[in-house]
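Per-entry structural report
Residue strings, one per chain:
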Amino acid sequence: MEDKTVIIVKQGNKIRYVKAQDVIYIESIGRKALLHLTDEVIEYYAKISRLEEQLVPYFFRSHRAYLINLAYVENYSKREIRMKNTDSVLISKYRFSEFEKVLENACKNTAKGLKCSKYRE
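1. A word on the pairing of strand β6 (residues 59–63)
- For β6, the buried fraction is high: five of the five residues fall into the buried class.
- Relative to strand β7 (residues 66–69), β6 is paired through four bridges, and the arrangement is antiparallel. Within β7, the residue paired with His 63 across the bridge is Tyr 66.
- With antiparallel pairing between neighbouring strands as the criterion, β6 and β7 make up a hairpin whose turn holds two residues.

2. A look at the pairing of strand β1 (residues 6–11)
- Both β1 and strand β2 (residues 14–19) contribute to a ladder of six bridges, which runs antiparallel. When the bridges of β2 are listed, Gln 11 appears paired with Lys 14.
- Joining the antiparallel neighbours β1 and β2 is a turn of two residues, in which Gly 12 adopts a positive phi near 65 degrees.

3. Some words on unusual backbone geometry
- Each neighbour pair has its own omega, and for Val 56 with Pro 57 the value is 15 degrees, a cis peptide bond.
- Relative to the helices and strands, Pro 57 is located in the loop between α1 (48–55) and β6.
- Look at Thr 86: it is not a glycine, yet its phi comes out positive at around 75 degrees.
- Relative to the helices and strands, Thr 86 is located in the loop between β9 (80–83) and β10 (88–90).

4. Here we look at the side chain of Arg 61
- Its place among the elements puts Arg 61 in strand β6.
- A distance of 2.9 Å separates the side chain of Arg 61 from the side chain of Glu 52, its partner in a polar contact.
- Separated by 3.2 Å, the side chain of Arg 61 and the backbone oxygen of His 63 make a polar contact.
- Not counting residues up to four positions away in its chain, the partners in contact with Arg 61 are Ile 48, Ser 49, Glu 52, Tyr 66, Leu 67 and Arg 95.

5. A few points about the pattern of salt bridges
- Inspection of the entire model under this criterion finds three salt bridges.
- Between Arg 16 and Glu 40 there is a salt bridge, and its shortest N-O distance comes to 2.5 Å. Taken together, the residues span a long stretch of sequence, with Arg 16 in strand β2 and Glu 40 in the loop between β4 (32–37) and β5 (41–45) at a distance of 24 residues.
- Notably, a salt bridge pairs Arg 61 with Glu 52, separated by 2.9 Å at the nearest N-O pair.
- On the basis of relative accessible area, Glu 52 is assigned to the partly exposed category, the value being 24%.

6. Here's the deal with the environment of Thr 5
- Take Thr 5: it is sitting in the segment before β1.
- Thr 5 sits 15 residues away from Ala 20 along the chain, and the two C-alpha atoms are 5.7 Å apart.

What counts as what
- Residues numbered from 1 in each chain as written.
- Predicted model: local features only at pLDDT ≥ 70, side-chain atom pairs only at ≥ 80, totals over all residues.
- Heavy atoms only, no water.
- Buried < 20%, exposed > 50% of the residue type's maximum accessible area, 1.4 Å probe, protein only.
- Helix = DSSP H or I, 4+ residues; strand = E, 2+ residues; numbered from the N terminus.
- Pairing = 2+ DSSP bridges.
- Polar contact = N/O pair within 3.5 Å; in protein donor to acceptor, adjacent residues only side chain to side chain.
- Contact = heavy atoms within 4.5 Å.
- Salt bridge = Lys/Arg side-chain N within 4 Å of Asp/Glu carboxyl O.

Now the structure itself:
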């Protein structure tokens, strides 16, 4: 992921810049977005659809409420995705096959040359 990709977080009269590569996943609750980082959760008003547009192809919308960073996927099943921070996020049955394709492409394009088959539970 490019180091230049940032998410602009507005909280009241404060503005914060969060590197997208530091975000493990984004959760949508009502009109708020929760950015889950390794050491904190940042809550602010944002539309997950707008974040999705900004963060593709490094992130994938696994469910209406979740946008995951593909670099942090530990493993997955047909129902959920386990992230490297041990959190689990839901995956929609309608998005599962697309997720596998996107993850496989992400694995092929990494410098590490990860084997995608290692992710499947």
